[in-house]
Amino acid sequence: MDKDSLFQNIRVYWLAFIVYWGIVLFGYDTGIGGGVVAQGYFKSHFGITLPNGHDDTKKANDVSSNVVSVLQAGAFFGALGSAPLSAAIGRRWSLFIWTIVFAVGAILQTVAGGSRGLGYIYAGRVVAGLGIGAISAVAPAFVSECSPKDVRGRITGLFQIMVAVGVMLSYFINLGISLHIKSGFAVWRIPFGFQLVPAGLMAFGLLTVRESPRWLASKGRIEEALENLAYLRRRSTDDPVVRTEMAEIEAAIEEEREARRGLGAREAFLGKGNFIRFVIAVVIFLLQQWSGQNSVGYYAPQIFSSIGYKGTSQSLLASGIYGIVKVVATAIFVFFLVDSLGRKMSLFISGMGMGILFFIIGALLKSFPPSTAEGANPSPASKAMAAMLYIYVLMYSLGWGPLPWVYVSDIFPTRTRHYGLAVASASQWLFNFVVAKVTPTLETDLGYKLFLMFGTINIGGMAVFSLLIPETKGRSLEEMDIIFGSVQEEKRRADIAAHERVFGNEPGDAGSRNSESVEQKV
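Residues numbered from 1 in each chain as written. Predicted model: local features only at pLDDT ≥ 70, side-chain atom pairs only at ≥ 80, totals over all residues. Heavy atoms only, no water.

Q: Please clarify how the environment of Gln8 should be interpreted in this entry.
A: Looking at the element boundaries, Gln8 is found in the segment before helix H1 (10-19). Taking relative accessible area as the criterion, Gln8 reaches 9% and is therefore assigned buried. The sequence separation of Gln8 and Arg235 amounts to 227 residues, and the corresponding C-alpha distance is 8.9 Å. Separated by 2.2 Å, the side chain of Gln8 and the backbone oxygen of Arg233 make a polar contact. (Helix = DSSP H or I, 4+ residues; strand = E, 2+ residues; numbered from the N terminus. Buried < 20%, exposed > 50% of the residue type's maximum accessible area, 1.4 Å probe, protein only. Polar contact = N/O pair within 3.5 Å; in protein donor to acceptor, adjacent residues only side chain to side chain.)

Spelled out as structure tokens, the structure:
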């Protein structure tokens, strides 16, 4: 097979496919809670439905927000705890351990019912959250470190496709339960128990992939790193392309060690050129979480109900269609647009589009409030608002869905990437927790103003922010140090040339190194 053929990076795609089963869990877990709590039997069994047949609105909001948000609380601590374990034993085995932790949480959720009340679901969601949070931090680092720069955005962007697939699965499983299982513990045991399927696929799949070459090199295991890099690139260890990439990795690691020797725990956050990277990572996820997507995604049945899709099955069906649109749009963007439009332009277009659509939805909801009759067919205005939400998730998938993870995976150097991804992921889960906790109350109290609020955040915050950050498309991970001012370009070139000679490769032999000057600084 020609080495430049479509299948050159097939092993990297396989690694991403396996690792990102954990991200299917991420999406599935975040989408499943709101739908389970919306089921009639769940509400009656756990005391949410009053004797008169109506729901206790305050208790419904409390239980909904708790079932959804305690997952994020656990994920926050899991993301922070992932960094030392990942640094010590590697990306592969740390992911395996966190998958087992997640499985324990899934089992606790599944056995709830009867004498085992909501406490089991809450506890299981927290434990599962620990696993999900850690996986969400380690998985992008693992995939990014193994991906060649020319397709890194596409491969790393698979993250958001898998999130969207997980969310879509959760919507349709909840819809199936609503249509075919009206009572019994299976109403929540099937949705919660299904979590063990992707967890099992990931655990066994991890046994078929290899450790990150960049992590191995950072531990001084150079020969093993070279073998793994050659394996992932489907080339021999003597290939000039592999030798040059290995030299680039080694040069970057050596520079980082030399420049930050003696800094101790401060190096990750305060090393030259690092602090601004952490600021960008935190802010980009703060804005993403307040874009409105998670409020719609977590509480899709409730949101669609608020715009006129009354009845559990009707709102769940509308949610399922929303999930399909999200998967298709994300896949189109990741495979065809992410490495052509660039990060900045994609984020700007996405932010502006989402903001405009939210303002339209808010105006329609204010002008044409939906009927409050249970089971009433959606009005033309309700159908228009649902269409706007479908177009909204299309715009979200063109930028602010997949790109924050791609961007954050792009910008951190090898030595501190696990800390960078841990802080970014923890920030994502912290803001995620806040949004999940307050959304039911905001939806009840604000009504149409909720959509106006999200529209303002999208245009005033996210679109503006996207214009202020540096472009990373087409740059290797090692070139990020030049972009962020950690090292001068001339010194990096000299270090790479020296390491190429060590590997018995004349500088420039590979003919594929990026020779452009990296002029943009933060």
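Q: For this particular structure, what's the right way to read the nonpolar core?
A: In a soluble, globular protein the nonpolar side chains are often hidden away together inside. Counting residues in hydrophobic clusters, the biggest one holds 98 residues, and the most contacted among them are Val19, Tyr20, Ile23, Leu95, Phe304, Ile307 and Trp400. No other element matches helix H6 (residues 118-146), which puts 11 residues into this core. When neighbours within four sequence positions are excluded, Phe304 is seen to be in contact with Tyr309, Ser315, Ala318, Ser319, Tyr322, Ala386, Leu389 and Tyr390. With 18 residues, the next largest nonpolar core counts Val37, Ala60, Leu118 and Trp188 among its residues. (Core = buried A, V, L, I, M, F, W, Y, C linked by side-chain atoms within 4.5 Å. Contact = heavy atoms within 4.5 Å.)

Q: Explain the environment of Ala318 to me, please; I cannot follow it from the model alone.
A: Looking at the element boundaries, Ala318 is found in helix H18 (residues 312-341). Ala318 gets classed as buried once you look at its relative accessible area, which sits at 4%. Measuring from C-alpha to C-alpha, the distance between Ala318 and Ser305 comes to 9.3 Å, with 13 residues separating the pair along the chain. In this view, Ala318 contacts Phe304, Tyr309 and Tyr390; residues no more than four positions away in its chain are not counted.

Q: I'm lost on the pattern of salt bridges in this one. Help?
A: Side chains that carry opposite charge are capable of pairing whenever their charged atoms lie near each other. A complete count under the given rule lists 7 salt bridges for this structure. For Glu245, the salt bridge goes to Arg233, with nearest N and O atoms at 2.8 Å. One end of the pair, Glu245, is in helix H13 (residues 240-260); the other, Arg233, is in helix H12 (residues 222-233), with 12 residues separating them in the sequence. With a relative accessible area of 5%, Arg233 lands in the buried category. Among the salt bridges present, the one from Asp238 reaches Arg243, with a minimum N-O distance of 3.1 Å. By relative accessible area, which is 56% here, Asp238 ends up exposed. Three or more residues joined by partner-sharing salt bridges are found here, namely Arg214, Arg233 and Glu245. (Salt bridge = Lys/Arg side-chain N within 4 Å of Asp/Glu carboxyl O.)

Q: Explain H6 to me, please; I cannot follow it from the model alone.
A: The periodicity of an α-helix, 3.6 residues per turn, causes residues three or four places apart in sequence to face the same way. An ideal rise of 1.5 Å per residue puts 42 Å on 29 residues; H6 measures up with 41 Å between its terminal C-alpha atoms. Counting buried positions along H6 gives 22 out of 29 residues, so the element sits mostly inside the fold. (Expected span 1.5 Å × (residues − 1).)

Q: Before we go on, may I ask you to explain the side chain of Arg91 in this structure?
A: Take Arg91: it is sitting in helix H5 (residues 91-110). Within the structure, Arg91 has its side chain in polar contact with the side chain of Glu145 (distance 2.6 Å).

Q: It is not clear to me how the packing of helix H2 (residues 21-38) against helix H4 (residues 57-89) should be interpreted in this structure. Could you clarify?
A: Packed helix pairs are characterised by how far apart their axes lie and by the angle those axes make with each other. Running from amino to carboxyl end, H2 crosses H4 at an angle of 165 degrees, the nearest separation of the two axes being 9 Å. Considering their axes alone, H2 and H4 lie roughly antiparallel with respect to each other. Relative to H4, the crossing made by H2 is right-handed. Across from Asp29, Thr30, Gly33, Gly34 and Val37 in H2, the residues of H4 making contact are Val63, Ser64, Val67, Val68, Leu71 and Gln72. When grouped by side-chain class, the residues that make up the contact of H2 with H4 number 5 nonpolar, 5 polar and 1 charged. (Axes fitted to C-alpha atoms, helices over the stretch in contact; angles between N-to-C directions. Parallel < 35°, antiparallel > 145°, perpendicular 65-115°, else oblique. Left-handed = near helix turned anticlockwise from the far one by under 90°. Nonpolar A, V, L, I, M, F, W, Y, C, P; charged D, E, K, R; others polar.)

Q: How should the packing of aromatic side chains be read in this particular structure?
A: Centre distance and the angle of the planes are the two values used to describe a pair of aromatic rings. Evaluated as defined, the whole model comprises 14 aromatic pairs. Ring centres 5.1 Å apart and planes at 80 degrees place the aromatic pair Phe76 and Phe77 in the edge-to-face group. Through successive ring pairs, a cluster of aromatic residues spans Phe358, Tyr392, Tyr396, Phe451 and Phe454. One cation-aromatic arrangement involves Arg11 over Tyr231; the distance from NZ or CZ to the ring centre is 4.2 Å. One residue, Arg210, lies across the ring of Tyr231, its end atom 3.9 Å from the ring centre. (Phe/Tyr/Trp six-rings, centres within 6.5 Å; stacked < 30°, edge-to-face > 60°. Lys NZ or Arg CZ within 6 Å of the ring centre and 35° of its normal.)

Q: Where do I start with the side chain of Gln289 in this structure?
A: Turning to its location among the elements, Gln289 is positioned in helix H15 (residues 275-289). Here the side chain of Gln289 touches Gln288 through a polar contact of 2.7 Å, side chain to side chain. Not counting residues up to four positions away in its chain, the partners in contact with Gln289 are Asn294, Gln428, Phe431, Asn432 and Val435.

Q: Any chance you could explain a nonpolar patch on the surface here in plain terms?
A: On the surface, a cluster of nonpolar side chains totalling about 550 Å² of accessible area is made up of Phe172, Ile324, Val328, Ile332, Phe335 and Phe336. The leading source of residues in the nonpolar patch is H18, at 5 residues. By the element assignment, Phe336 lies in helix H18. Of the residues examined, Phe336 reaches a relative accessible area of 64% and is grouped as exposed. (Patch = residues over 30% accessible without salt bridge, like charges linked within 9 Å, V, L, I, M, F, W, Y side chains within 5 Å. Areas by Shrake-Rupley, 256 points an atom, 1.4 Å probe, with all protein chains shown as cover.)

Q: Even after reading the chapter, I still don't get the packing of H2 against H6, so can you show me in this structure?
A: Orientation of H2 relative to H6, taken along the N-to-C sense of each, is 140 degrees, at an axis distance of 9 Å. The angle between the axes of H2 and H6 places the two elements in the oblique class. Classified by chirality, the crossing of H6 by H2 is left-handed. Contacts between H2 and H6 involve Gly22, Ile23, Leu25, Phe26, Asp29, Ile32 and Gly33 from the former and Arg125, Ala128, Ile132, Ile135, Ser136 and Ala139 from the latter. Its residues placed into classes, the contact of H2 with H6 shows 8 nonpolar, 3 polar and 2 charged.

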